[in-house]
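Given next are the chains, with one letter for each unit.
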Amino acid sequence: MKNIKQLSIFAENKPGKLEHITKVFEENKINIMAFNIASQGDFGIMRFIVDKPEKALEAFKKAGFTISMNEVFAIEMEDKPGGFHNVAQFIAKSGLNIENAYVLIEKDRQGALLICDIKDTEKAKKAL
Amino acid sequence: MSLIWNKKAECLLPLEKEQLQLERLQNIVRYAYEKVPYYKKAFDKSGVKPSDIKALKDIEKLPFTSKAELRDAYPFGMFAAPMEEIVEIHTSSGTTGKPVVMGYTVADIELWSEVMARSLTMAGCTRADIVQNAYGYGLFTGGLGVHYGARKIGANVIPISAGNTKRQLEIMRDFGSTILTCTPSYTLFLAESAKEDKIDLKSLKLKAGVFGAEMWTEKMREEIEKRLHLSATNIYGLTEIIGPGVAQECGVKHGLHLQEDLFYPEIISPEDLSVFSEGEKGELVLTTLTREGTPMIRFRTKDITSLRRGECKCGRTTIKMDRITGRSDDMLKIRGVIVFPSSIEKALLEINGLEPHYKIIITRPHQLDEIEVQVEASESLFSDEIRHMEETKRNIENHIEKSVGLKLKVTLVEPKTLPRSEGKAKRVFDQRELK
Ligand SMILES: [Zn+2]
């Protein structure tokens, strides 16, 4: 288990929006490792795990986006059937409340990380 | 409480006042009818003669005058005095079309100086004061109006005019200005610049401000007083009537004293033009009681306010008008409810962290009006959790509903995508196809 930085960007649900965001990444030579989109009616929040989060934060602020950065937990999973189930079971037992979760596959494809956004950081740190 | 410039005029007993107003009204109506072809035509068309004005209430028989008629009279069609009697000209610019041109005789300039002297005195200005006049000098009436009033009082006027913020601050500090006159929004700009230039506004001698020429709020007053360390008062006026000085707040800061011995006010319904009784909110209509150059009969100001009678704690008996809360041009009727965009703005500004930029869109998708307010999801409103954002949105909706009395939908949009407030940004988009 490790802590990694996640970026959250506010976006209106409009055509071409994702492209506009990926362009900023591209222009700043930032690699997207994982992402997730949560949307609700007319707006959404896009979350990204990237290789250079600080640089990305600055670039998006400069481009006029509303963006924030926070720490999330990355839990290692075995990349095989049942891998996710084991982690899920563990989380359920620890009584943690997960706001949002998505998967990041590591480059070597040896394992996968479950990215978990848990607001109760202290409790999570103890449990994991 | 501070001094009263003209006790006789500002503290008239109700009966004396009505008698004076009636005499002056009868005179001005006759004068306008005889001297200005426009008025003769308009009165004839309404079937009313100057001799029909037997009581103040009879003013209601006279037709209204609106900005459109003044524009049609461009340039000098509204002048009642011969050109050689005119000593000054001012114009009021519109965003569209020709400007409105107003002429001033020597007596009109004296009248203007008088009401401005009354106004500045109300704000606490005496002959010992230094007035930094940061209203624009020129065809716009702000600069010269304050200038004449301060001169009449015998105060020291610094005719710095608008703009050049750095210099304004230097002069304020080095000359020891005690009274500041400018638009309310400019004061906050000054405060920002002072911070950058490391000028401590608290250490300056400023004690009072006379702010007007645009709509502002009580919340803004608090902000201005806190940041500039002075007593901020509200002034009202318009070029069509005379310029600034038609009404001004006294030290009580609860309504503006309207100079009734010189301007006769009415409040009408902007919808059916019927005259409202005291205390009701509607459009302000003004008649100049003594103006020679360009007399105005029942001029529709388009400003929304209400009037209150009764003696003020300051001792004046002149009728008081509330702060302007909207323009009848901007008035919206949504599901039968009258709403002013300015009151939506006021509600928005009460929410912490909200940028003062918004867009109002009105549609009628299913026989029923719908209103949407777009606000920017600024950093301070942003949360990385959808449900918090939803909550923020609902809070804004509830807050507006509570203060405006209308259910509407709030949409969060990306920062810096809405029209900015500089100049006259168009913020209301009525997309109902009714007309
Ligand atoms: Zn008063």
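Residues numbered from 1 in each chain as written. Chains lettered and ligands numbered in written order. Predicted model: local features only at pLDDT ≥ 70, side-chain atom pairs only at ≥ 80, totals over all residues. Heavy atoms only, no water.

I'd like to hear about the sheet that holds strand E3 (residues 43-50) of chain A, residue by residue, with values.
Sheet strands pair by backbone hydrogen bonding; their relative direction is either parallel or antiparallel. All names here are of chain A. Strand order across the open sheet formed by six strands is E2-E3-E1-E4-E6-E5, with antiparallel pairing between neighbours. Looking at which strands have only one partner, the edges of the open sheet turn out to be strand E2 (32-40) and strand E5 (98-105). When the angles between neighbouring strand axes are averaged without regard to direction, this sheet yields 30°. Bridge count for strand E4 (residues 67-78) against strand E6 (residues 111-118) is six bridges, and the pairing is antiparallel. If you follow Ala-74 over to E6, its bridge partner there is Ile-115. Packing of helix H1 (residues 17-27) onto the sheet brings it into contact with strand E1 (2-12), E2 and E3, and relative to E3 it is tilted by some 25°. Contacting E4, E5 and E6, helix H3 (residues 83-94) crosses the sheet at an angle of about 115° to E4. (Pairing = 2+ DSSP bridges. Helix = DSSP H or I, 4+ residues; strand = E, 2+ residues; numbered from the N terminus. Axes fitted to C-alpha atoms, helices over the stretch in contact; angles between N-to-C directions. Contact = heavy atoms within 4.5 Å.)

Can you explain the packing of aromatic side chains? Please cite residues and give values.
Applying the stated criterion across every chain, the model contains 14 aromatic pairs over all chains. Between Tyr39(B) and Phe43(B) the ring centres are 5.9 Å apart and the planes differ by 55°, which places this aromatic pair in the tilted class. Here Tyr39(B) pairs with Phe43(B), and both are found in helix H3 (residues 37-46), just four residues apart, close to one helical turn. In this pair, the class of Tyr39(B) matches that of Phe43(B), namely buried. Pairwise contacts between aromatic rings join Phe25(A), Phe35(A), Phe48(A), Phe60(A) and Phe65(A) into one cluster. Geometry around Trp216(B) places Arg323(B) over its ring, the cationic atom sitting 4.7 Å from the centre. For Lys359(B), the ring lying beneath its charged end belongs to Phe429(B), and the centroid distance is 5.0 Å. (Phe/Tyr/Trp six-rings, centres within 6.5 Å; stacked < 30°, edge-to-face > 60°. Buried < 20%, exposed > 50% of the residue type's maximum accessible area, 1.4 Å probe, protein only. Lys NZ or Arg CZ within 6 Å of the ring centre and 35° of its normal.)

An account of the interface of chain A and chain B is requested, with residue identities and associated values reported.
With 24 residues of chain A at the contact, the number on the chain B side is 19 residues. Summing both partners gives a buried area of about 1700 Å² for chain A against chain B, and 54% of it is carried by carbon and sulfur. Contact with chain B buries area across many residues of chain A, yet Phe10(A), Phe43(A) and Thr66(A) alone supply 32% of it, more than any other trio. For Glu379(B), the salt bridge goes to Lys61(A), with nearest N and O atoms at 3.5 Å. Summed over the shared surface of chain A and chain B, the result is seven residue pairs in polar contact (both at pLDDT 80 or more). Listed by contribution, the elements that provide at least two residues to the side of chain A that touches chain B are E1, E2, E3 and E4 of chain A. (Buried area = accessible area lost by both parts, 1.4 Å probe. Salt bridge = Lys/Arg side-chain N within 4 Å of Asp/Glu carboxyl O. Polar contact = N/O pair within 3.5 Å; in protein donor to acceptor, adjacent residues only side chain to side chain.)

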